[in-house]
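Here are the chains, one letter per residue:
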There are 4 protein chains.
Amino acid sequence: MTIRFALLGAGRIGKVHAKAITSNPAARLVAVADAMAPAAQAIASQYGCEVRSIEAIAAAKDIDAVVICTPTDTHADLIEQFSTAGKAIFCEKPIDLSVRRVKDCLKVVAANKTTLMVGFNRRFDPHFMAVRKAIDAGEIGEVEMVTIVSRDPGAPPIEYVKRSGGIFRDMTIHDFDMARFLLGEEIETVSAQASVLVDPAIGEAGDYDSVSVMLSTATGKHATISNSRRATYGYDQRIEVHGSVGSVAAENQRAVSIEVANARGYTRPPLYDFFMTRYTQAYANEIATFIDAIGGKAKASPSGEDGLIALALADAAVTSVKEGRAVKVSEVLG
Amino acid sequence: MTIRFALLGAGRIGKVHAKAITSNPAARLVAVADAMAPAAQAIASQYGCEVRSIEAIAAAKDIDAVVICTPTDTHADLIEQFSTAGKAIFCEKPIDLSVRRVKDCLKVVAANKTTLMVGFNRRFDPHFMAVRKAIDAGEIGEVEMVTIVSRDPGAPPIEYVKRSGGIFRDMTIHDFDMARFLLGEEIETVSAQASVLVDPAIGEAGDYDSVSVMLSTATGKHATISNSRRATYGYDQRIEVHGSVGSVAAENQRAVSIEVANARGYTRPPLYDFFMTRYTQAYANEIATFIDAIGGKAKASPSGEDGLIALALADAAVTSVKEGRAVKVSEVLG
Amino acid sequence: MTIRFALLGAGRIGKVHAKAITSNPAARLVAVADAMAPAAQAIASQYGCEVRSIEAIAAAKDIDAVVICTPTDTHADLIEQFSTAGKAIFCEKPIDLSVRRVKDCLKVVAANKTTLMVGFNRRFDPHFMAVRKAIDAGEIGEVEMVTIVSRDPGAPPIEYVKRSGGIFRDMTIHDFDMARFLLGEEIETVSAQASVLVDPAIGEAGDYDSVSVMLSTATGKHATISNSRRATYGYDQRIEVHGSVGSVAAENQRAVSIEVANARGYTRPPLYDFFMTRYTQAYANEIATFIDAIGGKAKASPSGEDGLIALALADAAVTSVKEGRAVKVSEVLG
Amino acid sequence: MTIRFALLGAGRIGKVHAKAITSNPAARLVAVADAMAPAAQAIASQYGCEVRSIEAIAAAKDIDAVVICTPTDTHADLIEQFSTAGKAIFCEKPIDLSVRRVKDCLKVVAANKTTLMVGFNRRFDPHFMAVRKAIDAGEIGEVEMVTIVSRDPGAPPIEYVKRSGGIFRDMTIHDFDMARFLLGEEIETVSAQASVLVDPAIGEAGDYDSVSVMLSTATGKHATISNSRRATYGYDQRIEVHGSVGSVAAENQRAVSIEVANARGYTRPPLYDFFMTRYTQAYANEIATFIDAIGGKAKASPSGEDGLIALALADAAVTSVKEGRAVKVSEVLG
């Protein structure tokens, strides 16, 4: 069976998913919608699909599933609309910037028994998957301490920053989800500290660019997250899990792995400098899993619930910075 | 302009090229031919192209280029046939096992001014390309000594060994071409030693499974090659170039780069264990370059001449082992 | 000029310093004292020095400097005694487990203008020194985020744990000092979380074995520390400093750096498994610096003040865990 | 029992051994001799030993063993003199530049049953010892192919080159010994090629600066050696052994193992740039083994015979380059 897709949103991440869908033999891209007509048209031309309106897509009989890549403030409404329309839904993170709104939205999804997957692409990175697999295989025993270092090559445009919901909800949210993925246990408390070291304009916009986070679970497992909006050497994406009988780590990735030795030393090239090149395989695996989930061959995971909890962790981090204390997730999630 | 391809030979390497052609937006796979009908049919079904006879392809107006992946003993004849038919030709190495036959064949190609490229895929590996680029950028100064280690995960079937022309013409030939690619200067002498350490059946078939080669150029540059038909840790493919102001090396490649630490030490997974997964990107780049060459946007390189010289180096190595001496390439090439 | 040393305390760490002193051409070990006569005698025999009482050493004219390696609860008293006696003093960390007691002790040291150095050996590790030097050379620009991972191969005996002052004052104290050494700026707030994952007996003794710490400075620089009393793969000692134009990291150390490749992958041996072998060179450099400081050729650094602040950071961490909040260092230091 | 040493030759390598002897608790340096009085005096002053003449040392009753670090052309005579005088002898490589002379010398040693060890220090490097140990433990199965890369940071003074016996007898001789150490089987044939790429003056002196060597054993095992008198990135010393079930390699060594990441990439410092710092531990282990051999607790290995064979391999390499053929070791050794 071929899953027939519509793509909602033809921006940067929309293009990534368009490529993943059209490269997958089990999928077909039937339609694309975008408020900006030229953006939609570009994808339609490149992949031979139709430009349609959101409404037309919701009503269409030749569409099984939608991929939502529109601006964040439209996600929850679209999820509800397409859930009611009976489509399977893949939605980019976050579902919404409000925990309450996400909860309401997920009620609709539950009532309709919609297949919903949330776009935490990193769970599908082959290297991070291999880390998870090593844990499952018992290679490090009981998980004790997770260490995540995640640094962007550079800060996004200040206009993006202003609409982003803040670094915890925009950037750290990926690491919150990764921490849960690796800890295998729910997080109880969040402690965070944050500052502006990269660009004062980010501070003026009310956000931070450098943050540290500590997480703890009911049984006392730890996770730490270190984020910066700047890394001159590329897209720094490392995870390490320390356990009772060993440790497992995923190394950074680069396009070419050569080493030049001379009087200045031994030099390897910088890392991938863009999430799209770094996570190409992850995006492909993610859509493949969504297709499997629609076909009943895989779990629709990460779920809407996973999206909700990651957002709650981000909210808890915001409160922790403001109040200088460890915040319980239950304070946020209720 | 889209280049319309026919694939001649639907075996293991044929499938690799079918995938590379169909993934390239500038190419279209129109037809496939194979003496084994089911093999041709499988590719036709998977990629939606026609099964045709060799003759029909040669006569076809809707075919611009052929990719020759048939058994080695048919290569030279097919090149002549399709050169005369006015098609651009990509041929898997080697063109033939006889230097004389290759020379005759290349005369036909020259007379017809055919675009001909020979399949030394490793020149298109991103890591090896980056090594060449570092040399061209002057990062290591004058090239002095090239070191190539190339080991297969395991020996091929003995029937393959018997038809292969021997390890120097089948396996080392890639390294001869790589040595030339990296030295940037023609090789003058070849010294080789060879033995059977992996499988006595290979020796009984008149071949070797473990060989070492030393090459030298007119200006005294060196290259050494180390080959084995066995490597328990995967497909071992390393090159290193030592120059007057530095050195550059390409590391081995693996599918996932994680590291597990425990009481036994720090362990990374084995390497890719198959040339198709190891060189996926190289095969794609190779076909892309062939397409560019047809369009006049790139040199058709490696050329038929490159194929001839690599074969001559293999012949020289065979003689060197037999006679226990350094053999001049001019003895073979005339 | 040769500095004439007495060693106070002939236990494990005393032996390390005895070796460092006797290997240094600018030093001579004249006397050793220990409540356990056989321990003192063993060092006396090995290095050809005298066994003396504490009092005799304080009164001796042939002693220029003492190295205090006795139990922690004697450190402050001995510092005061030998400061008054006019000796230069090297004291193992911590000076005392009470901030108030340390402050009083340092007043005596100040009044006597005693040369006092505190044993934070890691500042003298060649690799960590090279990290500091890279920062000083501007290679990473402004320091922004320090990441320290420090894990012991195994937990100490439970009797040691009970007398240790707790993991923050015994183990993390090294990392607090390292964070200050690398941040180049005083720490303002401490947030910590702690749990018992390695050995319940440690919890029963009122201590933790797994801790995470976040530190922040006035200008918003960050440091994170991850500690565990268990690491099956050896003595895990890593630091990384992320700055505005780059990052610098010190890798783990092992006795032999070989790699075995086979069907299970590529394996390097475990790390050093003992602080004495891991930090051999650091201990030698430390004593050499102390000797230079006595001779006026180097600063007596880390100083008593450095010891005080590291202890205050440990106290702040203890409070942070108890009260679930970020603790200001000024709350502890006054 | 303390072994009482005399050092013959107070030059560069003499100083290395003086330090190794005086650091070893089982040894005492009693006397030093050198044709250059100030050189001998410097060592005598530093380590508190006497300056004596060769003759006085040979006659002395308070000397058990000598370490010969004089110029090569005196080695064989001194070995015979001290063998007859009943001393244990450690001699720097080579024993002589003439195979015949070495054979005669070893007859005297055999007749006197002298304990004789030859200075192939690399066998005692902890990393290379670990490689040997991994082989002995069966971790790579049957040894099949040894790869040695050995490059000096820079060429020696041309005066040294002239007296050195040529690169094969001066530099490659270490690698010949290492190949034998790792192959565990005698070498049958030697093929070599050599050129002048580093410094024309070396060519004018009748020597080479860049050489490649292939070795084979009776059972078909291979070794390759790559030597250059130049490496801008430090003292390049790598070995790798490929076997039937795996491979083991020793990595290069550097004084500090940090890595700086920035926009130019990830850079580790250059390697050790001097044999004395690179092989500090090897020299200490070597003398310790010699002391054990005197005490009957270890084999006197590498032996005079090992020195003879390594020289024969060098002679064979010289012939191979001249005559462009594989040379049998039996042609040289008789």
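Bear in mind that the values here come from a model prediction, so they are computed numbers and not experimental data.

The rules behind these values
- Residues numbered from 1 in each chain as written.
- Chains lettered and ligands numbered in written order.
- Predicted model: local features only at pLDDT ≥ 70, side-chain atom pairs only at ≥ 80, totals over all residues.
- Contact = placed C-beta atoms within 7 Å.
- Helix = DSSP H or I, 4+ residues; strand = E, 2+ residues; numbered from the N terminus.
- Nonpolar A, V, L, I, M, F, W, Y, C, P; charged D, E, K, R; others polar.
- Pairing = 2+ DSSP bridges.
- Least-squares fit on C-alpha atoms with pLDDT ≥ 70 in both.
- Expected span 1.5 Å × (residues − 1).
- Buried ≥ 20, exposed ≤ 12 C-beta atoms within 10 Å, placed from the backbone.
- Axes fitted to C-alpha atoms, helices over the stretch in contact; angles between N-to-C directions.
- Parallel < 35°, antiparallel > 145°, perpendicular 65-115°, else oblique.
- Left-handed = near helix turned anticlockwise from the far one by under 90°.
- Domains from an automatic or database assignment.
- pLDDT = per-residue confidence, 0-100.

## With respect to the interface of chain A and chain C
- At the interface, 27 residues of chain A touch 27 residues of chain C.
- When residues of the side of chain A that touches chain C are traced back to their parent elements, those giving at least two are strand 7 (143-151), strand 8 (187-195), strand 9 (210-217), strand 10 (222-228) and strand 12 (246-250) of chain A.
- Across the side of chain A that touches chain C, the residue classes break down as eight nonpolar, 17 polar and two charged.

## Quick notes on the sheet that holds strand 2 (residues 27-33) of chain B
Residues and elements named next belong to chain B.
- Pairing is parallel in the open sheet, where six strands are placed in the order 3-2-1-4-5-6. Each edge of the open sheet carries a strand with a single partner, namely strand 3 (50-51) and strand 6 (116-119).
- Across four bridges, strand 1 (residues 3-8) lies against strand 4 (residues 65-68) in parallel orientation. By the bridge assignment, Ala 6 is partnered in strand 4 with Val 66.

## Considering the sheet that holds strand 3 (residues 50-51) of chain D
- In spatial order, the strands read 3-2-1-4-5-6 (chain D); together these six strands make up an open sheet with parallel pairing. The open sheet is flanked by strand 3 and strand 6 (116-119) of chain D, the only strands paired with a single partner.

## Here we look at the relation of the copies chain A and chain C
- Relative to chain C, chain A is turned by 180° and slid 0.0 Å along the rotation axis, the superposed coordinates differing by an RMSD of 0.0 Å. Taken together, the rotation and translation describe the operation of a two-fold axis. Minimal C-alpha separation from the rotation axis in chain A is found for Arg 325 of chain A, amounting to 1.9 Å.
- A shared interface surface links the copies, since 100% of the contact residues of chain A are contact residues in chain C too.

## Brief notes about the relation of the copies chain D and chain A
- With an RMSD of 0.0 Å, the operation that places chain D on chain A is a rotation of 180° combined with a shift of 0.0 Å along the axis.
- Most of the interface of chain D is mirrored in chain A, where 100% of its interface residues again form contacts.

## Thoughts on helix 11 (residues 280-294) of chain C
All names here are of chain C.
- The first and last C-alpha atoms of helix 11 sit 22 Å apart over 15 residues, in line with the 21 Å expected at 1.5 Å per residue.
- Of the residues making up helix 11, those classed as buried are Ala 282, Tyr 283, Glu 286, Ile 287, Thr 289, Phe 290, Ile 291, Ala 293 and Ile 294.
- Contacts made by the buried residues of helix 11 are with strand 1 (3-8), helix 1 (12-23), strand 2 (27-33), strand 4 (65-68), strand 5 (88-92) and strand 6 (116-119).
- Gly 296 sits one or two positions beyond helix 11 and adopts a positive phi of about 75°.

## So, unusual backbone geometry
- The peptide bond linking Ser 301 of chain C to Pro 302 of chain C adopts the cis configuration, its omega dihedral lying at 5°.
- Within the secondary structure, Pro 302 of chain C is located in the loop between helix 11 and helix 12 (304-323).
- Even without a glycine there, the phi angle at Lys 113 of chain A is positive, about 50°.
- When you line up the elements, Lys 113 of chain A lands in the loop between helix 5 (99-112) and strand 6 (116-119).
- Taking the number of C-beta atoms within 10 Å as the measure of exposure, Lys 113 of chain A has 9 and is therefore exposed.

## Section: the packing of helix 4 (residues 72-84) of chain B against helix 5 (residues 99-112) of chain B
Residue and element names in this part refer to chain B.
- In the contact formed by helix 4 and helix 5, the axes pass within 9 Å of each other and the chain directions differ by 10°. Our classification of the angle between helix 4 and helix 5 gives roughly parallel. Contacts from Ala 76, Ile 79, Glu 80, Ser 83 and Thr 84 in helix 4 reach Arg 101, Val 102, Cys 105, Val 108, Val 109 and Asn 112 in helix 5.
- In terms of residue class, the contact of helix 4 with helix 5 is made up of six nonpolar, three polar and two charged.

## Observations concerning the interface of chain D and chain A
- Residue-level contacts link twelve residues of chain D with twelve residues of chain A.
- For the side of chain D that touches chain A, the secondary-structure elements that each account for two or more residues are strand 13 (258-262) and strand 14 (265-268) of chain D.
- The biggest single contributor to the side of chain D that touches chain A is strand 14 of chain D, with four residues.
- Classifying every residue of the side of chain D that touches chain A by side-chain character gives six nonpolar, four polar and two charged.
- Two strands pair when backbone bridges link them, and strand 14 (residues 265-268) of chain A and strand 14 of chain D are joined in this way by three bridges, in the antiparallel orientation. Note on strand 14 of chain D: the bridge partner recorded for Thr 267 of chain A is Thr 267 of chain D.

## Focus: the packing of helix 1 (residues 12-23) of chain B against helix 11 (residues 280-294) of chain B
Residue and element names in this part refer to chain B.
- With their axes 9 Å apart at the nearest point, helix 1 and helix 11 run at an angle of 60° to one another. By the angle between their axes, helix 1 is oblique relative to helix 11. Considering how the two elements wind past one another, helix 1 and helix 11 form a crossing that is right-handed. Across from Val 16, His 17, Ala 20, Ile 21 and Ser 23 in helix 1, the residues of helix 11 making contact are Tyr 283, Ala 284 and Ile 287.

## Digging into the pairing of strand 13 (residues 258-262) of chain B
- For strand 13 of chain B, the tally of buried residues reaches four of five residues, placing the bulk of the element in the interior.
- Note: strand 12 of chain A against strand 13 of chain B, five bridges, orientation antiparallel. Within strand 13 of chain B, the residue paired with Val 248 of chain A across the bridge is Val 260 of chain B.
- Relative to strand 14 (residues 265-268) of chain B, strand 13 of chain B runs antiparallel, the two being bridged by three bridges. Residue Asn 262 of chain B lies in a different strand from strand 14 of chain B, and its bridge partner there is Gly 265 of chain B.
- With antiparallel pairing between neighbouring strands as the criterion, strand 13 of chain B and strand 14 of chain B make up a hairpin whose turn holds two residues.

## Focus on the domain arrangement of chain A
Residue and element names in this part refer to chain A.
- In terms of domains, chain A is made up of domain 1 (3-114) and domain 2 (123-282 + 309-333).
- One C-alpha centre belongs to domain 1, the other to domain 2, and the line joining them spans 27 Å.
- In this complex, domain 1 contributes six residues to the contact, which on the side of domain 2 involves nine residues.
- For the side of domain 1 that touches domain 2, a count of residues per class yields five nonpolar, no polar and one charged.

## Some words on the confidence of the model for chain A
- Per-chain confidence: chain A averages 97 in pLDDT, with 100% of residues scoring 70 or above.
- Interface predicted TM-score (ipTM) for the complex: 0.95; the corresponding pTM is 0.96.

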